[in-house]
Amino acid sequence: MSTTNPSAPADSSTLALQIQGMTCASCAMRIERKLNKLDGVNATVNYATEKAQVSIPKGFDPAVLLTEVSKAGYTAVLPPAPAPRRPPVPGGGSETDASAPAAGSSAADGGEQTSAERELTSLRQRLIGAVVLTVPVVAMAMIPALQFTYWQWASLALAAPVIVWGAWPFHRAAWVNLRHGSATMDTLVSVGTAAALAWSLYALFLGTAGMPGMVHPFELTLAPSDGAGNIYLEVGAGVTTFVLAGRYVEKRSKRRAGAALRALLDLGAKQVAVLRDGVEHTVAIDDLAVGEDFLVRPGEKIATDGVVVSGTSAVDASMLTGESVPVEVSADDEVVGATLNVGGRLVVRATRVGEQTQLAQMARLVEAAQNGKAQVQRLADQISAVFVPVVLVIAVITLGAWLGAGFPASAAFTAAVAVLVIACPCALGLATPTALLVGTGRGAQMGILIKGPEVLESTRRIDTVVMDKTGTVTTGQMSLVRTIPAPGVDEAELLRLAAALEDASEHPIARAVVVGARTNGRADDRTSGQVLPVPTSFTTDEGRGVHGTVEGRSVVVGRASLLAQHGAPLSEDLAATKAEAESRGSTVVAVGWDGAARGLLVIADTVKATSAQAVAALKELGLTPVLLTGDNEAVARDVAAQVGITEVIAEVLPQDKVATVRALQEAGKKVAMVGDGINDAPALAQADLGLAMGTGTDVAMQASDLTLVGGDLLGVVDAIRLSRRTLATIRSNLFWAFAYNTAAIPVAALGLLNPMLAGAAMALSSVFVVGNSLRLRRFTATEPMGSR
């Protein structure tokens, strides 16, 4: 759970603490309250990422923060100090090994990963041990035929380690909760399992349960008993095992919280070909300094942000911006680190390095968004906060009532402990994980990957769905959408000659022309295979197009300026048609041969076939779709009209998308964000629900809550429907998990509870929960209209 803190003063600094030992959202709120009581400190604690963003005044000792967290019953780790950037060694090379980790990455990330890995390993070991020991205990307690002469002592030997060692995280958390006057699911589990073990020890050592030949007969009759002959070890061991299983599933999903940041850092180049005194030296990226020139060959990533010194090329920035059209660059143009050079050779002068690059700034945006996203407290904790005190009060009243009525102390304590035992429902541990496992399993079959339970809670409140345009609503790939021949020119001939020349180019626009020609202009037809003539000469004019000889004709394909240079200027009609197409966001390629302009080829990103159906389905779910894009208003409106979206936010810079989502949230909207590019990652993390297209970047998928493997917008509809259905199942599971046991509390308070009745209640509630969860397997996906 996190809350919004006031803006930090100008003379303050911010640091991130890694918090260990939190088991629920109330733990995060408790730490947050502790830290915010310190003078000048503003803290936000996030349970999901297990981090605290703390703003401290100048001169404040960070060690005080660690002490305060420790007082709350948890541990905190300060971030490591950044390693100083070493100056380059004269004459090339560096003092830093080229294999050294990138700045701002490994030390902290590696430490956090090791800590998380240790915690997950410990939980896995406890779960495996608990399962191995619990299965025979439950079998012996529920099947009289397995109750050999000293079976009760064997049960004690097997169950005690589970209840003490296996449930130790719950006991520790319960103690911390007790110190702070609160109760959570951990409290309920600890009290119930401890009561079951304590009473079983009493019955075995001081009662008659330890006698040879003691059995638990299979009877569900209600009869008063002093409890001295009953043991409840299977209840304590079963509850521990079930809850451990649920905690393990949750912890494993939480480990992914920081993966988006690691994925962003991994995108950058690790080495760079720097030019020093005119000589090329390959050095680690950390050793590149501002003002140095470096070389970028075709097919290589641009090492860092800079300005082109010489060369012309096309730069594919789709991984960062999501836009499919490569950007033509030449001298004095700015380029961004981690983008891909797909054209010619470039020499770039570094203007920003390390933590100042756009990539690093994007990583900070993602982290800030993740730390700022409010995490929903677990439903089980919310219920337990009321249920546990009520059960404790009932147990005390039961004890007092029996003693006041003149019954023996043993009978009174039997009834009171029975209330505590029956109030610890095994189904509580199954309620969330079984629904999650079945729901996420069904989602995986449909291409929907759900990260964790807090994701499901988020879907219930969503009222607005913000969609990125390129790669989300549209295909994100350049396609030939229109061929416009000049009067008297055959359309097929225009496309055939242009594609023959473009076939020798690797430019993305050239690829779109070639694919269009080979499929007769239909991007969805891959069966036809038109054979293209082979040019006898070919020349590339970087940034403007290509020209050469095809079947004896001098063909020019590219910008209008290139055709004019070769004596084939566009006619007024073709120029007007070109301007109109470009105003709608299309890329227009001019084609000419033998001294005349022969026509135009219109290249554009096309709307996905199911986008309009998906938008209509979202509206039926009561959601408001919003199109968010960096394209100009006219292009955005045109795409929005095709799919039925009325609300459009256009001309948004990549780094401003997260601010747009935040503004919608501040206006009272509960926002889901759908995107696929690296520039979408901060917005995906900031949104109440982030949905990434599986056809997009790994960073976007890591920053999101849901990933749609197929890249189809109908998956958004199915993801929201499945999440809501799974959440409803979890809620009904929790209700019945408590309801069965709550109904048995009066029986326990009247002294009529016996082990078989307790076991039956446990089994019945568990079977119901599992059966209810299995109904999610029948969830069906939305069919595309064209498939019916």
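This one's a predicted model, so the numbers in the text were calculated from it and none came from an experiment.

## Section: unusual backbone geometry
The backbone of Glu 551 sits at a positive phi, close to 50°, despite the residue not being glycine. Looking at where Glu 551 falls in the secondary structure, it is placed in the loop between strand S18 (545-550) and strand S19 (553-558). In the Ramachandran plot, Asp 594 falls in the positive-phi region, its phi being about 50° despite a non-glycine side chain. Residue position: Asp 594 is located in the loop between strand S20 (587-593) and strand S21 (596-607). With a relative accessible area of 47%, Asp 594 lands in the partly exposed category.

## Remarks on helix H20 (residues 611-620)
Considered for burial, the residues of H20 that qualify are Ser 611, Gln 613, Ala 614, Val 615, Ala 617 and Leu 618. Where H20 is buried, its residues touch strand S15 (464-468), helix H15 (469-473), S21, strand S22 (624-628), helix H21 (633-643) and helix H25 (714-749). Following H20 by one or two positions, Gly 622 adopts a phi angle in the positive range, close to 85°.

## Focus: the pattern of salt bridges
On inspection of all chains with the given rule, the structure shows 14 salt bridges. When the shortest N-O distance is used, the salt bridge between Arg 518 and Asp 503 registers 3.0 Å. Linking Arg 518 in helix H17 (residues 508-518) with Asp 503 in the loop between helix H16 (491-502) and H17, this pair joins segments that are 15 residues apart in sequence. By relative accessible area, Arg 518 is classed as partly exposed at 33%. The partly exposed category is assigned to Asp 503, whose relative accessible area is 30%. Ionic contacts of the salt-bridge type, sharing partners, join the residues Glu 493, Arg 496, Glu 551 and Arg 553 into one network.

## So, the environment of Ala 499
You can see Ala 499 is positioned in helix H16. The buried category is assigned to Ala 499, whose relative accessible area is 0%. Separated by 11 residues in the primary sequence, Ala 499 and Ala 510 place their C-alpha atoms 7.6 Å from one another. When sequence neighbours within four positions are dropped, the list of residues in contact with Ala 499 reads Val 513, Val 514, Ala 517 and Leu 532.

## Description of the packing of aromatic side chains
Throughout the structure, instances matching the rule amount to five aromatic pairs. Seen in terms of ring centroids, Trp 736 and Phe 768 are 5.2 Å apart; in terms of plane orientation they differ by 55°. Their pairing is tilted. Of this pair, Trp 736 sits in helix H25 while Phe 768 sits in helix H26 (residues 755-774); the two residues are 32 residues apart in sequence, bridging distant segments of the chain. Judged by relative accessible area, Phe 768 falls into the partly exposed class, the value being 29%. Cluster of aromatic residues (ring-pair linked, three or more members): Phe 735, Trp 736 and Phe 768.

## Details of the nonpolar core
Counting residues in hydrophobic clusters, the biggest one holds 50 residues, and the most contacted among them are Ile 231, Leu 233, Phe 387, Val 391, Val 419, Val 421 and Ile 745. Elements that contribute at least two residues to this core include exactly helix H3 (106-142), helix H4 (151-166), helix H6 (185-205), helix H7 (233-254), helix H11 (379-404), helix H12 (409-422) and H25. If you tally residues by element for this core, the top one is H6, at nine residues. What Leu 233 contacts, discounting residues up to four positions off in sequence, is Val 137, Gln 152, Ser 155, Leu 156, Ala 159, Ile 163, Leu 197 and Ser 200. Counting residues in each nonpolar core, the second largest holds 38 residues, with Leu 532, Ala 581, Val 588 and Val 591 among its members.

## Observations regarding the sheet that holds strand S13 (residues 346-352)
Pairing is antiparallel in the open sheet, where six strands are placed in the order S6-S5-S7-S13-S8-S11. The sheet is open, and its two edges are formed by strand S6 (279-284) and strand S11 (334-335), each paired on a single side.

## Overview of the packing of H6 against H12
The interhelical angle for the contact between H6 and H12, taken along N-to-C directions, is 145°, at an axis separation of 8 Å. Considering only the axes of H6 and H12, their crossing is left-handed. Contacts from Val 191, Gly 192, Ala 195, Ala 196, Trp 199 and Tyr 202 of H6 reach H12 at Ser 410, Phe 413, Thr 414, Val 417, Leu 420 and Val 421. Here the contact of H6 with H12 is built from residues that sort into nine nonpolar, three polar and no charged.

## Observations concerning the confidence of the model for the protein chain
The share of residues in the protein chain with pLDDT of 70 or more is 80%, and the mean pLDDT across the chain is 79. Of all the helices and strands in the protein chain, helix H9 (residues 318-321) carries the lowest mean pLDDT, 60, while H4 carries the highest, 94. Under a pLDDT of 50 for its full length, residues 83-113 has, in the predicted model, 43 contacts with residues more than four places off or in other chains.

## Concerning the pairing of S6
Bridge count for strand S5 (residues 271-276) against S6 is six bridges, and the pairing is antiparallel. Along S6, the bridge assignment pairs Val 272 with Val 283. The turn linking S5 back onto S6 is made up of two residues, and Asp 277 within it adopts a positive phi angle of 55°.

## Considerations on H16
Side chains that are three or four residues apart share a direction in an α-helix, a result of its 3.6 residues per turn. Relative to the 16 Å expected for 12 residues at 1.5 Å per residue, H16 spans 17 Å between its end C-alpha atoms, a close match to the ideal helical length. Of all 12 residues making up H16, 10 are buried, and the element is well covered by its neighbours. For H16, the set of buried residues is Glu 493, Leu 494, Leu 495, Arg 496, Leu 497, Ala 498, Ala 499, Ala 500, Leu 501 and Glu 502. A side-chain oxygen of the first residue of H16 lies 3.2 Å from the backbone nitrogen of Ala 492; this N-cap is Asp 490.

## Overview of the packing of helix H5 (residues 168-179) against H6
Each pair of packed helices gets described by two things: the angle between the helix axes and the distance between those axes. One can describe the packing of H5 onto H6 by two numbers: an axis separation of 8 Å at closest approach and a directional angle of 115°. Comparing their axes, H6 and H5 come out roughly perpendicular. Along this stretch, H5 crosses H6, giving a crossing that reads as left-handed. Contacts from Phe 170, His 171, Ala 173, Ala 174 and Asn 177 of H5 reach H6 at Asp 186, Thr 187, Val 189, Ser 190 and Thr 193. Residues of the contact of H5 with H6, tallied by class, amount to four nonpolar, five polar and one charged.

## Regarding a positive patch on the surface
Side chains of Arg 725, Arg 775, Arg 777 and Arg 778 sit close together on the surface and give a patch of like positive charge. The class of Arg 778 is exposed, set by a relative accessible area of 62%.

Rules used in this analysis
- Residues numbered from 1 in each chain as written.
- Predicted model: local features only at pLDDT ≥ 70, side-chain atom pairs only at ≥ 80, totals over all residues.
- Heavy atoms only, no water.
- Helix = DSSP H or I, 4+ residues; strand = E, 2+ residues; numbered from the N terminus.
- Buried < 20%, exposed > 50% of the residue type's maximum accessible area, 1.4 Å probe, protein only.
- Contact = heavy atoms within 4.5 Å.
- Salt bridge = Lys/Arg side-chain N within 4 Å of Asp/Glu carboxyl O.
- Phe/Tyr/Trp six-rings, centres within 6.5 Å; stacked < 30°, edge-to-face > 60°.
- Core = buried A, V, L, I, M, F, W, Y, C linked by side-chain atoms within 4.5 Å.
- Pairing = 2+ DSSP bridges.
- Axes fitted to C-alpha atoms, helices over the stretch in contact; angles between N-to-C directions.
- Left-handed = near helix turned anticlockwise from the far one by under 90°.
- Nonpolar A, V, L, I, M, F, W, Y, C, P; charged D, E, K, R; others polar.
- pLDDT = per-residue confidence, 0-100.
- Expected span 1.5 Å × (residues − 1).
- Polar contact = N/O pair within 3.5 Å; in protein donor to acceptor, adjacent residues only side chain to side chain.
- Parallel < 35°, antiparallel > 145°, perpendicular 65-115°, else oblique.
- Patch = residues over 30% accessible without salt bridge, like charges linked within 9 Å, V, L, I, M, F, W, Y side chains within 5 Å.
- Areas by Shrake-Rupley, 256 points an atom, 1.4 Å probe, with all protein chains shown as cover.
- Lys, Arg positive; Asp, Glu negative; His and termini not counted.
- Charge placed at Lys NZ, Arg CZ, Asp CG, Glu CD.

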